[in-house]
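Structure assessment
Residues per chain, in single letters:
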There are 2 protein chains.
Amino acid sequence: MLSLRKKKILSAVVDGYIQKASPVSSKEIQKTCLQDCSSATIRNELSALESMGYLVQPHVSAGRIPSEKAFRFYVNELTTESCLTDEENALIESRLLRNHGSLDEVIKQITNVISEITHYTSVVVKADMADTITAIKLLDLSNGQMLMVIVTETRVLKDGIVDIPEDFDDLMLLQAQAWLNKLFVGKHISQFLNFTYPYTLVNDQFKLNKLFKKITDELKKQALANGMDVCVCGEHNIFKHSEYNDVGNVQKFLSEVGSKDKMAQVFTDDGGQEGFVTVKIGASENAPEGCSVVTTRVALGTNIAGSIGVIGPVRMNYKKVLSVLDKISNIIIDMMGKE
Amino acid sequence: MLSLRKKKILSAVVDGYIQKASPVSSKEIQKTCLQDCSSATIRNELSALESMGYLVQPHVSAGRIPSEKAFRFYVNELTTESCLTDEENALIESRLLRNHGSLDEVIKQITNVISEITHYTSVVVKADMADTITAIKLLDLSNGQMLMVIVTETRVLKDGIVDIPEDFDDLMLLQAQAWLNKLFVGKHISQFLNFTYPYTLVNDQFKLNKLFKKITDELKKQALANGMDVCVCGEHNIFKHSEYNDVGNVQKFLSEVGSKDKMAQVFTDDGGQEGFVTVKIGASENAPEGCSVVTTRVALGTNIAGSIGVIGPVRMNYKKVLSVLDKISNIIIDMMGKE
DNA sequence: AATTAGCACTCGACCATCGAGAGTGCTAAC
DNA sequence: GTTAGCACTCTCGATGGTCGAGTGCTAATT
């Protein structure tokens, strides 16, 4: 457990770093939040926090940078109180309340406002929960591969291709198909997400298990990429943040954000509870490397599940992002309640 | 007119620069294409070409870099013969010929193959020519602004907002509306593109003319952004080209490519003739700064106009891009003919 | 025992300098 | 008109030196 002073200092480092994007020194902390302490004392504390894994020193004569652990601490300590200005609140409301025909229009509006106010990239993932699976087909392509097709009430998802092992005959393919249908027909495609293949379920032979796992994995990917609508807005906001002064980072970020299945994955892999905001910090919490992902669940209509959120560098303005998402999810829940 | 040797040298510089992305020296040219000349002679020629505006020298001890004028020369000299390998041809064919339900699917496939083979960003702009304008509405928002709405047979385009001058009354608004309807009802939205506002048409008063011009400009922008479907693929390919090692350039490029109206504009502003490939080099030829745009027109169905093409740095592999677009447009024209 | 003042130390950022190498332009000879 | 030869210019990378920021440690203080 951290002493009160350590907490204060740690928060100050994180706050300062979020603001300036450069290492924070003992003197700065003294100025901003601990005038009644000397910088030497703070240095001792910083040193302690470093050895506890909260801080990192890029080099000996630089200040401290918060680690992902520090950001996690910071976010946990955060109060839920909003930091939005009246103008920002008004903007959000006016944008969401003007009634824009179709759901997709509304979603566009949502991503728009979020990215505009937060200056990060925003994402909304939509899944029609009423659109359930009616069949799963495994189609032998006669070239050692099979095509997997998921049929739902409203559409057909294809393009999943998997190698068939040589000792796998037609009968087994049919068995596999039957098994998949038994498991998933009537369910929503998003339920692949929570499904993990149990190795002992079908067959003890390692090879077959491996194939079955491959099939369900591939189906999962398909379901993510095509079964859910992903709307992204404000990708270009990354250029505002100094971690993306490097072309390599930009490239990595854009390729992550551009991949629908990754986004669907990252933005729906949370508690699934409506009204709560989830924060994932860095790769260790399953966000893309160097990134944080903030999401919240919201019903976008009867039987339409939605996940709205923000993706950006770990050095993110969490206060603002959390406030915005909180505000927006409340408005939406409200809107939905009235209909 | 350039001497044969100058042409040879100029082509060699462009070729070399396209390949290496670094200045080309006299010695290199000697090696690659003019063994029977000394490097000194080539230097004289290079110097002449430079003063003619074809070449640029970044600094005195560097080789030459081709100017946009040089690329224009190079492209004009290019023969139409294809430089594609058998594998590439086969890939294109197999991708386009597997029949993918909807037109949008096909378009996705087209952009996909193009960007995959050329390693540039590819764009397809689709315009349903049968979808004509049924009405244009100017709606006074009572706050000194008006909302402009274009109604076509299948959809409603809105969101164009323009200030109304104070001395503009309701009657004039109606007049303006009547005028616009008279001009454009029954036509396709893309025809705004070719429309330029004639100052003397309605009123001699400068102010009103200015407003009318503003309205048509705004309508144009709307028509471009929303009246045509723009499909972009392979944005991330820019990272493969060294001109985009700089974050600033990446940002500029992505913001250009991300703006639908700019893309619709750039990719449809050509002769409009089917089967011919148009090349725009650099800002002076109305491509985005530092970029070249290669396009070709193709009917994507009865009454559906399409423009398919590639956008990338001026230092583009024109041989390949032209070959690919040529091949693809031929296939599509063929496909359409059969239906 | 915790805090603090003071100081030596370290390291990055910035700048100037230097030499090597590339490639040119010019001159004079062919 | 072409070419060999050479001086010249400029970039690039390496080297070194100074400055300032910020630390860690020590010894004194509370």
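Residues numbered from 1 in each chain as written. Chains lettered and ligands numbered in written order. Predicted model: local features only at pLDDT ≥ 70, side-chain atom pairs only at ≥ 80, totals over all residues. Heavy atoms only, no water.

1. Some points on the overall build of chain A
In terms of helices and strands, chain A carries eleven helices and ten strands. Within the span of chain A, comprising 339 residues, buried residues form 47% of the whole. Here the contacts in chain A between residues at least 6 apart in sequence split such that 62% fall between residues at least 24 apart. Split by element, the accessible area of chain A, about 16,500 Å² in all, is 50% carbon and sulfur. (Helix = DSSP H or I, 4+ residues; strand = E, 2+ residues; numbered from the N terminus. Buried < 20%, exposed > 50% of the residue type's maximum accessible area, 1.4 Å probe, protein only. Contact = heavy atoms within 4.5 Å. Areas by Shrake-Rupley, 256 points an atom, 1.4 Å probe, with all protein chains shown as cover.)

2. Observations regarding the protein's contact with DNA strand C
Neighbouring DNA strand C are 20 residues, the closest being A:Ser38, A:Thr41, A:Val60, B:Ser26 and B:Arg64. Counting only the atoms of DNA strand C that lie within 4 Å of the protein, the sugar and phosphate share comes to 80%. In the surface near DNA strand C, the residues fall into five nonpolar, ten polar and five charged. (Near = heavy atom within 4 Å. Nonpolar A, V, L, I, M, F, W, Y, C, P; charged D, E, K, R; others polar.)

3. Section: the relation of the copies chain B and chain A
It takes a turn of 180° to lay chain B on chain A, together with a shift of 0.1 Å along the axis; the resulting RMSD is 0.1 Å. Expressed as a symmetry operation, the mapping of one chain copy onto the other fits a two-fold axis. The C-alpha atom lying nearest the rotation axis in chain B is that of B:Val247; the distance is 2.8 Å. A shared binding surface is used by both copies, with 100% of the interface residues of chain B retained as interface residues in chain A. (Least-squares fit on C-alpha atoms with pLDDT ≥ 70 in both.)

4. Focus on a nonpolar patch on the surface
All names here are of chain A. On the surface, a cluster of nonpolar side chains totalling about 240 Å² of accessible area is made up of Leu 139, Leu 141 and Ile 161. If you trace the backbone, Ile 161 turns up in strand 6 (residues 156–163). Note on Ile 161: relative accessible area 41%, which makes it partly exposed. (Patch = residues over 30% accessible without salt bridge, like charges linked within 9 Å, V, L, I, M, F, W, Y side chains within 5 Å. Salt bridge = Lys/Arg side-chain N within 4 Å of Asp/Glu carboxyl O.)

5. Some points on the domain arrangement of chain A
All names here are of chain A. Structurally, chain A comprises domain 1 (4–77), domain 2 (86–129 + 228–337) and domain 3 (133–225). Each of domain 1 and domain 2 has a C-alpha centre, and these two points are 29 Å apart. Buried surface at the junction of domain 1 and domain 2, both sides included, amounts to about 970 Å², of which 62% is carbon and sulfur. Scanning the region where domain 1 abuts domain 2 turns up two salt bridges. With a shortest N-O distance of 3.9 Å, Asp 15 and Lys 319 are connected by a salt bridge. Listed by contribution, the elements that provide at least two residues to the side of domain 1 that touches domain 2 are helix 1 (4–20) and helix 4 (68–77). Sorting elements by how many residues they give to the side of domain 1 that touches domain 2 places helix 4 first, with five residues. Grouping the constituent residues of the side of domain 1 that touches domain 2 by class yields six nonpolar, one polar and three charged. (Domains from an automatic or database assignment. Buried area = accessible area lost by both parts, 1.4 Å probe.)

6. Notes on the sheet that holds strand 10 (residues 304–313) of chain A
Residue and element names in this part refer to chain A. Taken together, the five strands give an open sheet; going across it, the order is 7-3-10-9-8, and neighbouring strands pair in antiparallel fashion. Strands with a single pairing partner mark the edges of an open sheet, and in this sheet they are strand 7 (229–233) and strand 8 (277–281). Across the sheet, the mean angle separating the axes of adjacent strands is 20° when strand polarity is ignored. Pairing between strand 8 and strand 9 (residues 291–301): five bridges, direction antiparallel. Paired with Thr 278 across the bridge in strand 9 is Thr 295. (Pairing = 2+ DSSP bridges. Axes fitted to C-alpha atoms, helices over the stretch in contact; angles between N-to-C directions.)

7. Thoughts on the interface of chain B and chain A
At the interface, twelve residues of chain B touch twelve residues of chain A. Summed over both sides, the interface of chain B with chain A buries roughly 1,000 Å², with 69% coming from carbon and sulfur. Contact with chain A buries area across many residues of chain B, yet B:His236, B:Phe239 and B:Val247 alone supply 47% of it, more than any other trio. In this assembly, chain B and chain A are joined by zero salt bridges. Where chain B touches chain A, the interface holds two residue pairs in polar contact (both at pLDDT 80 or more). With five residues, helix 9 (residues 247–258) of chain B is the largest single contributor of residues to the side of chain B that touches chain A. When the residues that make up the side of chain B that touches chain A are grouped by side-chain class, the tally is five nonpolar, four polar and three charged. (Polar contact = N/O pair within 3.5 Å; in protein donor to acceptor, adjacent residues only side chain to side chain.)

8. Focus: the side chain of A:Arg297
Residues and elements named next belong to chain A. Tracing the backbone through its elements, the reader meets Arg 297 in strand 9. There is a polar contact of 3.1 Å between the side chain of Arg 297 and the side chain of Asp 270. Once you skip the residues sitting within four places of it in the chain, Arg 297 turns out to touch Thr 268, Asp 270, Gly 272, Gln 273, Glu 274, Gly 275, Phe 276, Gly 306 and Ser 307.

9. Here's the deal with the packing of helix 9 (residues 247–258) of chain A against helix 9 of chain B
With their axes 9 Å apart at the nearest point, helix 9 of chain A and helix 9 of chain B run at an angle of 35° to one another. When the axes of helix 9 of chain A and helix 9 of chain B are compared, the crossing they make is right-handed. Across from A:Val247, A:Val250 and A:Leu254 in helix 9 of chain A, the residues of helix 9 of chain B making contact are B:Val247, B:Val250 and B:Leu254. The residue makeup of the contact of helix 9 of chain A with helix 9 of chain B, split by class, is six nonpolar, no polar and no charged. (Left-handed = near helix turned anticlockwise from the far one by under 90°.)

10. A closer look at the pairing of strand 10 (residues 304–313) of chain B
All names here are of chain B. Most of strand 10 is tucked away: nine of the ten residues are buried. With eight bridges connecting them, strand 3 (residues 121–128) and strand 10 associate as antiparallel partners. Residue pairing for strand 10: Lys 126 is matched across the bridge by Gly 306. The turn linking strand 9 (residues 291–301) back onto strand 10 is made up of two residues, and Asn 303 within it adopts a positive phi angle of 70°.

11. Re the sheet that holds strand 3 of chain B
Hydrogen bonds between backbone atoms are what pair the strands of a sheet, whose relative direction is either parallel or antiparallel. Residues and elements named next belong to chain B. Pairing is antiparallel across the open sheet formed by five strands, whose spatial order is 7-3-10-9-8. In this open sheet, the two strands that pair with only one neighbour each are strand 7 (229–233) and strand 8 (277–281). Averaged over all neighbouring strand pairs, the angle between strand axes comes to 20°, with direction disregarded.

12. A word on the packing of aromatic side chains
All names here are of chain A. The tally for this structure, following the rule as stated, stands at six aromatic pairs over all chains. Between Tyr 54 and Phe 73 the ring centres are 6.2 Å apart and the planes differ by 70°, which places this aromatic pair in the edge-to-face class. Of this pair, Tyr 54 sits in the loop between helix 3 (39–51) and strand 1 (55–56) while Phe 73 sits in helix 4; the two residues are 19 residues apart in sequence, bridging distant segments of the chain. Per residue, the accessibility class of Tyr 54 equals that of Phe 73, and both read buried. Note that Lys 69 overlies the ring of Tyr 54, its terminal NZ or CZ placed 4.5 Å from the centroid. (Phe/Tyr/Trp six-rings, centres within 6.5 Å; stacked < 30°, edge-to-face > 60°. Lys NZ or Arg CZ within 6 Å of the ring centre and 35° of its normal.)

13. Observations regarding the pattern of salt bridges
Residues and elements named next belong to chain B. All chains considered together, the criterion is met by 30 salt bridges over all chains. With a closest N to O distance of 2.7 Å, Arg 95 and Glu 116 form a salt bridge. Highlighted residues: Arg 95 in helix 5 (residues 86–97) and Glu 116 in helix 6 (residues 103–118), separated in sequence by 21 residues. When its relative accessible area of 37% is taken as the criterion, Glu 116 is described as partly exposed. Note that Glu 256 is salt-bridged to Lys 262, the shortest N-O span being 3.8 Å. Classification of Glu 256 by relative accessible area gives partly exposed; the value is 21%. Here Lys 262 falls in the partly exposed class, since its relative accessible area comes to 41%.

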